[in-house]
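Summary of structural features
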Amino acid sequence: SFSPDSRWPFLGEQPYAGITNPCPSTIRNQATYFGANSMSTPSSAQQHDLMAYLSTNPDGTVEDIAKRYNVTPLDVIRLTPGAQIFDGAQFDAVWDEITQWGDVTTLVNNDDLILEFHGELPTGTHRHGFFNLRGKKGLSGHIRATHCRHIALVERPFMGMDTASVWFINEA
């Protein structure tokens, strides 16, 4: 689970305001997500309506819920019970930890693409403005880690399963 312990030393840090609920302990799926942005300020009415909706444990992607309420995925995550959000400066520590988990599902989700990769995440190095994945087989590529503003740990039901996800969220 995403409970604070010695493997996640940064989890002992104070999360952003309003993100304080403990996460459930059962995890069947683990995933990493890329591509969400963090620029918006939902109205108090939007927040109230969204919190009421999220309290029903709705199915559907965070992105679709965000569209439905005209907010960003980060706004949805901030109001998701149990979600924890940390500074994007923790990118290296989080990535290094996830590379030790074994097989995970990595998703890139936007309006035109849902890209999934199942397997181990490779380690990487910072060079030329990118975090360069050193995958010899499977996943490879380049991440602009310096654009990561928030990292979110989210546990919620999805498609009838308990799921856990790590979100790397950029500023727009």
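Please refer to the structure placed before this passage.
No experiment lies behind these values; they were computed from the predicted model shown. (Residues numbered from 1 in each chain as written. Predicted model: local features only at pLDDT ≥ 70, side-chain atom pairs only at ≥ 80, totals over all residues. Heavy atoms only, no water.)

1. Things to note about helix H4 (residues 91-98)
What counts, and what does not: Each residue's exposure class comes from its accessible area (1.4 Å probe, protein chains only) as a fraction of the maximum for that residue type: buried when under 20%, exposed when over 50%, partly exposed otherwise. Every helix listed is a DSSP run of H or I at least four residues long, and every strand listed is a run of E at least two residues long, numbered separately from the N terminus. The arc in question is formed by the directions pointing from the helix axis toward the C-beta atoms.
Turning to H4, its buried residues are Phe91, Val94, Trp95, Glu97 and Ile98. Down the axis, H4 shows its buried residues gathered within 160° of arc, on one side only.

2. Notes on the side chain of Thr61
Spelled out, the test is: Any two residues whose heavy atoms approach within 4.5 Å at even a single point are treated as in contact.
Residue placement: Thr61 occurs in the loop between helix H1 (44-54) and helix H2 (62-68). When neighbours within four sequence positions are excluded, Thr61 is seen to be in contact with Asn109 and Phe158.

3. Topic: the packing of aromatic side chains
Here is the rule we go by: Under the pairing criterion, centres of Phe, Tyr and Trp rings, with the six-membered ring standing for Trp, must be within 6.5 Å; the plane angle then separates stacked pairs below 30 degrees from edge-to-face pairs above 60, leaving the rest tilted.
Counted according to the given criterion, the structure contains six aromatic pairs. Ring geometry for Tyr53 versus Tyr69: centroids 5.5 Å apart, planes at 40°, classification tilted. You can see Tyr53 sitting in helix H1 and its partner Tyr69 sitting in the loop between H2 and helix H3 (73-79), a full 16 residues away along the chain. The two residues Tyr53 and Tyr69 agree in class, both being buried. A centroid spacing of 5.7 Å and a plane angle of 15° characterise the contact between Phe91 and Trp95, whose relative ring orientation is stacked. Placement of the pair is Phe91 and Trp95 together in helix H4, with a separation of four residues, close to one helical turn.

4. Here we look at the nonpolar core
Definition in use: The term nonpolar core refers to a set of buried residues drawn from Ala, Val, Leu, Ile, Met, Phe, Trp, Tyr and Cys, joined through side-chain atoms within 4.5 Å.
In this structure, Phe91, Trp95, Ile98, Phe131, Ile151, Val166 and Phe168 are the most contacted members of the largest nonpolar core, which totals 19 residues. Broken down by secondary-structure element, the contributors of at least two residues to this core are H4, strand S6 (130-133), strand S8 (148-158) and strand S9 (161-170). Considering each element in turn, this core owes the most residues, four residues, to H4.

5. Notes on the pattern of salt bridges
We apply this condition: Salt bridge criterion: a side-chain nitrogen from Lys or Arg within 4 Å of a carboxyl oxygen from Asp or Glu.
Under the criterion given, the structure shown has one salt bridge. Two residues, Arg78 and Asp75, come together in a salt bridge whose shortest N-O distance is 3.9 Å. Placement of both Arg78 and Asp75 in helix H3 is noted, with a separation of three residues, approximately one turn of the helix. Residue classification places Asp75 among the buried residues on the basis of a relative accessible area of 4%.

6. Notes on the pairing of S8
The following threshold applies: Strands were regarded as paired on the criterion that DSSP finds at least two bridges between them.
With respect to burial, S8 is a largely interior element, eight of its 11 residues being buried. The pairing of S8 with S9 spans 10 bridges and is antiparallel. Within S9, the residue paired with His150 across the bridge is Ile169. Linking S8 back to S9 in an antiparallel pair, the connection comprises two residues, with Met159 at a positive phi of about 55°.

7. Some remarks on the sheet that holds strand S5 (residues 124-127)
Within a sheet, each strand pairs with its neighbour through backbone hydrogen bonds, oriented either parallel or antiparallel. Note the cut-off: Simply put, an axis is a line fit to the C-alpha atoms, just over the touching stretch for a helix, and the angle between two N-to-C directions goes from 0 to 180 degrees.
Across the sheet, three strands lie side by side as S5-S6-S7; this open sheet has antiparallel pairing. Strands with a single pairing partner mark the edges of an open sheet, and in this sheet they are S5 and strand S7 (141-143). The sheet shows a mean angle of 30° between the axes of neighbouring strands, taken without regard to direction. Direction of pairing for S5 relative to S6: antiparallel, over a ladder of four bridges. Bridge assignment links Gly124 to a residue of S6, and that residue is Leu133. Against the sheet, H4 contacts S5, S6 and S7, and its axis sits at roughly 10° relative to S6.

8. Section: H1
Along H1, the positions that sit buried rather than exposed are Leu50, Tyr53 and Leu54. One side of H1 holds all its buried residues, which, seen down the axis, span an arc of 95°. In H1, those exposed residues whose orientation departs by more than 90 degrees from the buried face are Ser44 and His48. Contact partners of the buried residues in H1: H2 and H3.

Read these as geometric descriptors, not functional statements.
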